[in-house]
Each structure stands twice: as structure tokens, then as C-alpha cells.
Amino acid sequence: MSLHTAEHDSAERITAGHVTAEQGPAGPVKIGIRGVGKTFRIRGSDRPFTAVEGIDLDVREGEFLTLVGPSGCGKSTLLDLIAGLTAPTTGQILIDGRAVDGPGLDRGIVFQQYALFPWRTALANIEFGLEAKAVPKRERRERARHYLELVGLSGFEQRYPHELSGGMRQRVAIARSLAFDPDVLLMDEPFAALDAQTRESLQEELLRIWEKTNKTVVFITHGIDEAVYLGQRVAVMTSRPGRIKQVLDIEFDSREGDLRADPGFGEYRHHIWTLLRDEVAAAQEQERTVG
Amino acid sequence: MADDTTLTVPHPAPDSAAPAPAAPARRKEPAQPERTAETAAVGPAGPPRGDVPTADDKATNFFRVAGKRRPPVAARLLAVVNRSLALVLLAGIWEALPRIGAVDAVFVPPLSEILAAWYDLLLSGQLLEHFQASLIRSLSGFGMAILLAIPLGLAIGWYRPVAEFLSPVLELFRNTSAVALLPVFILIFGLGETSKIVFVFYACAWPILLNTVSGVRTVEPLLIKSARSMGLGPVRLFQKVILPAAVPTIFTGIRLAGAYSILVLIFAEMVGAKAGLGYLIQDTQFNFRIPDMYAGIITISALGLLFNLLLLSVERRFSTWRTT
Ligand SMILES: Nc1ncnc2c1ncn2[C@@H]1O[C@H](COP(=O)(O)OP(=O)(O)OP(=O)(O)O)[C@@H](O)[C@H]1O
Ligand SMILES: [Mg+2]
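Procedures and definitions
- Residue numbering note: each chain is counted from 1, following its sequence as written.
- Here the convention is simple: chains get letters from A, ligands get numbers from 1, in the order in which they are written.
- Reporting of local features is limited, given that this is a predicted model, to residues whose pLDDT is at least 70; pairs of side-chain atoms are given and counted only at 80 or more, and all residues count toward the totals for whole chains, interfaces and linings.
- Values shown for side chains rest on all heavy atoms present in the structure; no hydrogens or waters enter the calculation.
- Helix and strand assignments follow DSSP, with helices taken as H or I runs no shorter than four residues and strands as E runs no shorter than two, numbered in order from the N terminus.
- Only protein chains enter the area calculation, which uses a 1.4 Å probe; residues under 20% of their type maximum are buried, those over 50% are exposed, and those in between are partly exposed.
- The contact criterion used is simple: two residues touch if any of their non-hydrogen atoms lie within 4.5 Å.
- Donors, by definition, are the N, O and S atoms found within 2.8 Å of a metal, the threshold being 3.2 Å for Na, K and Ca, and water is not counted, so a site can look incomplete.
- UniProt positions are given in the numbering used here, feature names are shortened, and annotations may be inferred rather than shown by experiment.
- The cutoff for a nearby residue is simple: one of its non-hydrogen atoms must lie within 4 Å of the molecule or strand.
- Polar contacts, as used here, are pairs of N or O atoms within 3.5 Å; protein pairs need one atom able to donate a hydrogen and one able to accept it. Residues neighboring in sequence count only if both atoms are side-chain atoms.
- Accessibility throughout is a Shrake-Rupley quantity obtained with a 1.4 Å probe, and a residue counts as covered only by protein chains that appear here.
- Nine residue types can take part in a nonpolar core, namely buried Ala, Val, Leu, Ile, Met, Phe, Trp, Tyr and Cys, and a core is a set of them joined through side-chain atoms within 4.5 Å.
- Each aromatic pair joins two rings of Phe, Tyr and Trp (for Trp, the six-membered one) with centres within 6.5 Å, and gets the label stacked for planes under 30 degrees apart, edge-to-face for over 60, and tilted for any other angle.
- What counts as an axis is a line fitted to C-alpha atoms, over the stretch in contact for a helix, and the angles between N-to-C directions run from 0 to 180 degrees.
- Oblique is the label for any angle not covered by the other classes, which are roughly parallel (under 35 degrees), roughly antiparallel (over 145) and roughly perpendicular (65 to 115).
- As a working rule, the residues Ala, Val, Leu, Ile, Met, Phe, Trp, Tyr, Cys and Pro are called nonpolar, Asp, Glu, Lys and Arg charged, and the rest polar, with Gly in that last group.
- Salt bridge criterion: a side-chain nitrogen from Lys or Arg within 4 Å of a carboxyl oxygen from Asp or Glu.
- Only when DSSP finds a minimum of two bridges between them are two strands counted as paired.
- In a helix, the anticipated span is given by 1.5 Å times the number of residues less one.

Trainee: Run through the overall build of chain B, naming residues and quoting values.
Mentor: Looking only at helices and strands, one finds 13 helices and 0 strands in chain B. Across the 324 residues that make up chain B, the buried fraction comes to 38%. Long-range pairs, those at least 24 residues apart, make up 73% of the contacts in chain B between residues at least 6 apart in sequence.

Now the structure itself:
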């Protein structure tokens, strides 16, 4: 069914050859983050609270970037900024060279919590973005079915979110963001709440979809393994106020076989682990002093 | 903090994953094996799947089995018997106590006598007349409350400044007993139908209004964020997210109002009326027609029960998606 995508869905752009992790993307900059900072006003305090600060990062078209950092360092905040749900206090975010001035259907978000509409069935949830895009009803239904199938949930069209397992809900949320065919996919720890097996199979599915659709993906995770496994590049953030500490290129000779058993995999993991160790300690120290 | 441990503890290797539980593979979907075959064909995308069933297969099977299960007929029958048992018991006690002289049969006649009186009232057409009078009044007030309070509540809840401006007034009225205001309504609207309908309307409007306001204001912010991220403007956000999310809360208000509509009407009819179930029980008590009085009371209970059941079934149709 996934192979039918090309004929089935003309709206979906398929690259001629697979963009594979080994080659790395070399396309134009899709998301430009220029000196971005975000401060919040906190109730009962007149000192502004800086969540992220001085973030500079370019994500190229078709790239899969993973973002790791200690809890509370501002990863979700950064994603909200890219999504246009909040405006940066300093700096600028560009999509295709144009400054972001609000949310739009060119960017799809999968939230940390699933954020499905509980009164809509799985199918109707996926149709939501298509309704916003004013896709005609029949096509909407067809496309929603197609994407439900793509995430392996055909037969669950009429289920309400509460009738689905956590992993299934997350897959519906992913299908929903894919269905309206955004160029950019922003994912906030989408697999964090899942068991190891479900997570792995969803990781594979995500990579498969990404390879087929050439979307630009920004993927937040807490798992170092996940970051290395999925990302072409891994951006490591500092503790709050979050900045980009380092961006690592992830390259493997071959992605065939069990990537996690590759000696290179362990090296990347250890490197990121070392980078994060100090930041996690700093973050914990911070939380102790703040709370 | 729990999150931080995830950073330091590497994930278990894929082959150390626990074996899938022995969920029976009943009703396996036809699409499922096809998918696995294709994933294998796409191959290089990830590590080999091996012969361990994938977690989503597991999930699928689990839900197939769990979702289709129904309580067996015997169990359902037992539940019905169990629930009616208490009623039967109550009826039995009501019948027995006056007969054995434990209570004065003049003031509490046995149930069978009351039922006989009820039947006579029904045949004479009196019961229907009173029932109809009450029903028309309570439905008019209740219906008006729904028609006015829901749109008003939506508007108040949606425009935050309006909500904040009105909230002290709403609090004040909410805490003023409707019953205490009956004399005011009678003064203004007289003793006729209007005062009763307005009285019912007033009592019903509050729960509906307040629940609608809170329903609109307590929509899960993440859902709003999610809809906004898909480019929805304020109008469509209201129509596609706020409204459906508020429906269950609004219905809670409607059901409360349904109960109130009968409750307060009976009171109004007991104070001053020439027809209605409230008038019937008041009148029969004055004239010492005790069995008729009880027949009236039973009819009121039945009416309230019926009303609630009706509203419940409507509610269920509107919110099939709720877990409860
Ligand atoms: N709306 C807000 N108002 C005030 N402070 C906020 C707001 N949103 C986030 N913050 C603060 O900004 C910091 C970064 O939050 P954010 O949610 O981006 O962290 P995160 O990196 O996604 O954390 P986690 O990994 O735990 O999800 C936190 O300290 C949080 O308390
Ligand atoms: Mg977060």
C-alpha cells in the first residue's frame, strides 16, 4: 500500500531516488533560525524568564534533524516558535526565506501529548487538517483512509481516540500531520510514551515515510539512541536558557542491518551522552534552585 | 527528573525485547500481513524485523479481541434483575407495613390501594389533565431556557472580557434560590401560566448558562493549540473545536435543568394553581383523598424519571465519544 502512494496521491511529492541518510541533504535551507530567543513573563515575578536564547540553526530541505537536550531546556518552546504558535522575543525564524508570522499548513506538528480531538473518530481526526485546507469531502475521506493505512491502522477508521492504544493514537496524530502534506514535519517527543517495541516499529515507519516524501523533519527526543538512529544530524541543546551546544553529523557506511549494533552508533551515542551529562547536571541544579 | 534518567540509561537492544504476550490472533485483519510483506520489501529502511511479532500487530490483536467483547446474555439479565430487585423490595415493604399495622394505613395506605386510585384517576381523565398542564409548563420553561441560555453562555464563555465582567453578577444570581423569587414572579406576572413558565425558565436557565460558560472556557488548551497549528481562524476554531468540546458539559447543565424544571414547577403549582400535578397533590391532601395524593406523587416521580431517561438518551447520541 505504501508503494501505491505515488499514483494514489498526486499532491505528495516523491523524490526520484531515495534521499538516504548516508548521502546527507544538500538542498536549500528550509528552516532558518536566526538569533532566536524567547522569554516568558512569569506571574508574581518581574524578572523575565528566558527559555531559549541566541539559537542559530539551519535545517535544509529534506533533512531529518533530531534535537536533544535536558528536560526544560526549551525544546518544545523552539518547536512552537517554528510552528508560529508563539512569536520569538528576539531574532527571526524563516521558512523558505520568509519570516514566520503565524501557524500554517506548510508545517505539521505532532505534539508531545497526542492532541487528538476526542469527539472525532480516527478518520475524522485525520480529515481535520484537510477540512482546514478546504479539500472536497470525497477526496478528504480518501486521503484520510490512505494515511491511516500508511501508519498501519486500516480497520480502525471509526474508532474514537479513547478506544485506541497510546501507540495507535500517536500514529493517528502522525497520520493527521502527514495528511495535509506539509513540507515541514515538527515532532515533539512523539514516541516517548511508547513501549520499546512499538517505538521501534514507528521509528521505522517514520523513516520509511520520510524517505518517500522528502519532508523536512525536526524531531525532538529524550532518547540518545533515537536521536542517532533517526537523525542525519543531531542538535544538542544546553540547559536553560537553551542554546545549541553542538550539531553532529551522523554518518553510517550503510544503513542496512541492525544500525544499533554498528560500532559507529555506539561512538555517536557516547559522544552525545558526554555532551548531555554536564547539561543534565546543570539543569537539575537549576531546578533545585528555582523550585 | 524521570526524563533525565532516560538520557543516561541506554535503551535496551532490540533483541532483548520481551516476547509478545500470547494474545490470540483472532480476527486478524486482512490488511495486516500485506503491510508486513511490503515493509520487508522496502527493507533497507531499518533493522530486520525478525520473527518477533511487532508491537503494532500485538496492539491490533489486543484491540480486536477486547473491543468486540460483549457481556453474555445471562450476565445482563442478572444485572436487570439486580437493579429491579430493590424496587420490588420497596413495593413489598410499602404493601406490607400498612397491612400489618406497623404504620397507620390512613396516612400511608398500602401500595395496591394507591395503584387502584391511580388507575381510577387515569380512567376519569383527571390525571391526564393535570399531567398535561404540568408537562406544558415545564417543557415551555425548559425549552426557552435551552434556546436562550446556550447561545448566551457560548457568547459569554467565548469573549473572555464579557465573562470577567459578568461573573460577579452570575455568581450572585446563581446563589439566589429560584424558589425565593417565586413571589416576585407572581407579583410581576400574576398567578396565571406566565409566572409559572417564567419561574421554570429562570430555574432552568442557570445550570444551562453556567455549564455552557464553563464548558467553553475549560476546553483543553492543547486541542486549541493543535487546531491553531493547522491554521484555523477564530470562527472555525469555535465551530470545530470549542463547540464540540463543550457539548458534554452543556448536556450536564441541560440534564440538571430538566430535573429542576419539574421540581420547581411542582412547588409553584402547590402555591397557586388550578391544574397540574402539584395542584393535584395539594388539593387531594386538603380534601383528605390520601390514596389520590400518593398517586399524584408517584406520577411526578415517574415524570421526572422519564424526563431524565429521555435527556440521557439524547445526550448519549451527541457524545458517543466519551469514555463513560
Ligand atoms: N508559556 C510559558 N510560560 C512560562 N514559562 C514557560 C512557558 N512555556 C515554557 N516555559 C518554560 O520554559 C522552559 C522550557 O520549556 P519547554 O517546554 O520548551 O522545555 P522542553 O525542553 O520541551 O522540556 P521537556 O523535555 O521536559 O519537554 C521551561 O522551564 C518552562 O517552565
Ligand atoms: Mg517538551
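Trainee: Hey, could you go over the coordination of the magnesium ion (ligand 2) for me, with residue numbers and the actual values?
Mentor: Residue and element names in this part refer to chain A. Only Ser76 (OG) and Gln112 (OE1) from the protein reach the magnesium ion (ligand 2) as donors, at distances of 1.9 to 2.6 Å. Note that Ser76 is positioned in helix H2 (residues 75-83) and Gln112 in the loop between strand E6 (107-110) and helix H3 (122-132), a separation of 36 residues in sequence. A residue is classified by how much of its surface remains accessible, and Ser76, at 27% relative accessible area, is partly exposed.

Trainee: Break down the UniProt feature "transmembrane region" (unreviewed entry) in chain B for me, with residues and values.
Mentor: Residues and elements named next belong to chain B. The UniProt entry lists residues 135-160, 172-191, 261-281 and 293-312 under the feature "transmembrane region" (unreviewed entry), expressed in the numbering used here. As annotated, residues 135-160 comprises 96% helix and 0% strand, and the C-alpha atoms at either end are separated by 37 Å. The span residues 172-191 carries 55% helix and 0% strand; its end-to-end C-alpha distance comes to 26 Å.

Trainee: Can you break down the site of ligand 1 residue by residue, with the values?
Mentor: All names here are of chain A. Lining the immediate environment of ligand 1, one finds 15 residues, of which Ser71, Gly72, Lys75, Ser76 and Thr77 sit closest. Side-chain polar atom of Ser76 to an oxygen atom of ligand 1: 2.7 Å apart, as the coordinates give it. Within the side chain of Glu189, a nitrogen or oxygen atom sits 3.3 Å from an oxygen atom of ligand 1. The fraction of the free accessible surface of ligand 1 (630 Å²) that becomes covered by protein chains is 66%. Mapped by element, the contributors of at least two residues to the shell around ligand 1 are strand E2 (49-60) and H2.

Trainee: So what's going on with the nonpolar core? Which residues, and what values?
Mentor: Core analysis: the largest hydrophobic core is formed by 119 residues, its most contacted members being A:Ile272 and B:Val241. If one sorts the elements of this core by residue count, helix H11 (residues 234-271) of chain B sits on top with 16 residues. B:Val241 has contacts with A:Phe117, A:Trp119, A:Phe128, B:Val219, B:Leu223, B:Ala227 and B:Arg236, leaving out every residue within four places of it along the chain. Counting residues in hydrophobic clusters, the runner-up holds 29 residues, among them A:Leu57, A:Val218, A:Ile220 and A:Ile244.

Trainee: Please provide a residue-by-residue account of the packing of aromatic side chains, values included.
Mentor: All names here are of chain B. What the rule picks out here adds up to 14 aromatic pairs over all chains. Judged by centre distance (6.0 Å) and plane angle (75 degrees), the ring pair of Tyr202 and Trp206 falls under edge-to-face. Placement of both Tyr202 and Trp206 in helix H9 (residues 193-217) is noted, with a separation of 4 residues, approximately one turn of the helix. For the pair Tyr202 and Trp206, one class covers both residues: buried. Feature note: the residues Phe173, Phe185, Phe189, Phe199, Tyr202 and Trp206 constitute an aromatic cluster, connected by ring pairs.

Trainee: Any details on the packing of helix H5 (residues 111-124) of chain B against helix H13 (residues 290-318) of chain B? Residues and values, ideally.
Mentor: Packed helix pairs are specified by the crossing angle of their axes together with the interaxial distance, meaning the distance between the axes. Residue and element names in this part refer to chain B. Relative orientation of the contacting elements H5 and H13 amounts to 80 degrees, with a least axis distance of 8 Å. Judged by the inter-axis angle, H5 sits roughly perpendicular to H13. Facing Leu111, Glu113, Ile114, Ala117, Trp118 and Leu121 of H5, the residues of H13 in contact are Pro291, Asp292, Tyr294, Ala295, Ile298 and Thr299. Of the residues assigned to the contact of H5 with H13, the class counts are 9 nonpolar, 1 polar and 2 charged.

Trainee: I'd like a description of the pattern of salt bridges, backed by residues and values.
Mentor: Following the criterion strictly, the structure yields 25 salt bridges over all chains and no others. Between A:Arg107 and A:Asp106 there is a salt bridge whose closest N-O contact spans 3.0 Å. Here B:Glu193 ties to B:Arg137 by a salt bridge, and the two come within 2.8 Å at their closest N and O atoms. Linking B:Glu193 in helix H9 with B:Arg137 in helix H6 (residues 126-158), this pair joins segments that are 56 residues apart in sequence. In the salt-bridge network here, residues are joined through shared partners; they are A:Lys30, A:Asp96 and A:Asp183.

Trainee: Residue-level account of the environment of A:Arg269, with values.
Mentor: Relative to the elements of secondary structure, A:Arg269 occurs in helix H8 (residues 263-290). For the pair A:Arg269 and A:Ala227, spaced 42 residues apart in sequence, the C-alpha separation works out to 8.8 Å.

Trainee: Quick one: what's the story with the sheet that holds strand E10 (residues 244-249) of chain A, residue by residue and with numbers?
Mentor: Residues and elements named next belong to chain A. The strand order across the open sheet formed by 6 strands is E6-E7-E8-E3-E9-E10, and the pairing between neighbours is mixed. The strands lining the two open edges of the sheet, one partner per strand, are E6 and E10. Strand-to-strand, the axes of this sheet are offset by a mean angle of 15 degrees, without reference to chain direction. Here strand E9 (residues 233-237) runs beside E10; their pairing, made up of 5 bridges, is antiparallel. Looking at E10, one finds that Val236 is bridged to Gln246. Packed onto the sheet, H2 meets strand E3 (64-68), E6, strand E7 (184-188), strand E8 (216-220) and E9 and runs at close to 155 degrees relative to E7.

Trainee: Let's hear about the UniProt feature "domain: ABC transmembrane type-1" (unreviewed entry) in chain B: which residues, and what values?
Mentor: UniProt feature "domain: ABC transmembrane type-1" (unreviewed entry): in the numbering of this structure it lies at residues 131-311 of chain B. Taken end to end, residues 131-311 of chain B is 86% helix and 0% strand, and its two terminal C-alpha atoms sit 19 Å from one another.

Trainee: Describe unusual backbone geometry, with residues and values.
Mentor: Residue and element names in this part refer to chain A. Residue Arg240 is joined to Pro241 through a cis peptide bond whose omega torsion reads -5 degrees. The phi dihedral of Ala115 falls on the positive side, at around 60 degrees, and the residue is not glycine. By the secondary structure assignment, Ala115 is in the loop between E6 and H3. The phi angle at Glu189 is positive, at roughly 40 degrees, despite the residue not being glycine. With respect to the secondary-structure elements, Glu189 resides in the loop between E7 and helix H6 (196-213).

Trainee: Run through H6(A), naming residues and quoting values.
Mentor: Residues and elements named next belong to chain A. Its 18 residues give H6 an end-to-end C-alpha distance of 26 Å, which sits within 8% of 26 Å, the value for a rise of 1.5 Å per residue. Across the 18 residues that make up H6, a large majority, 17, are buried. A distance of 3.1 Å separates the backbone nitrogen of Gln197 from a side-chain oxygen at the start of H6, and that oxygen is part of Asp195.

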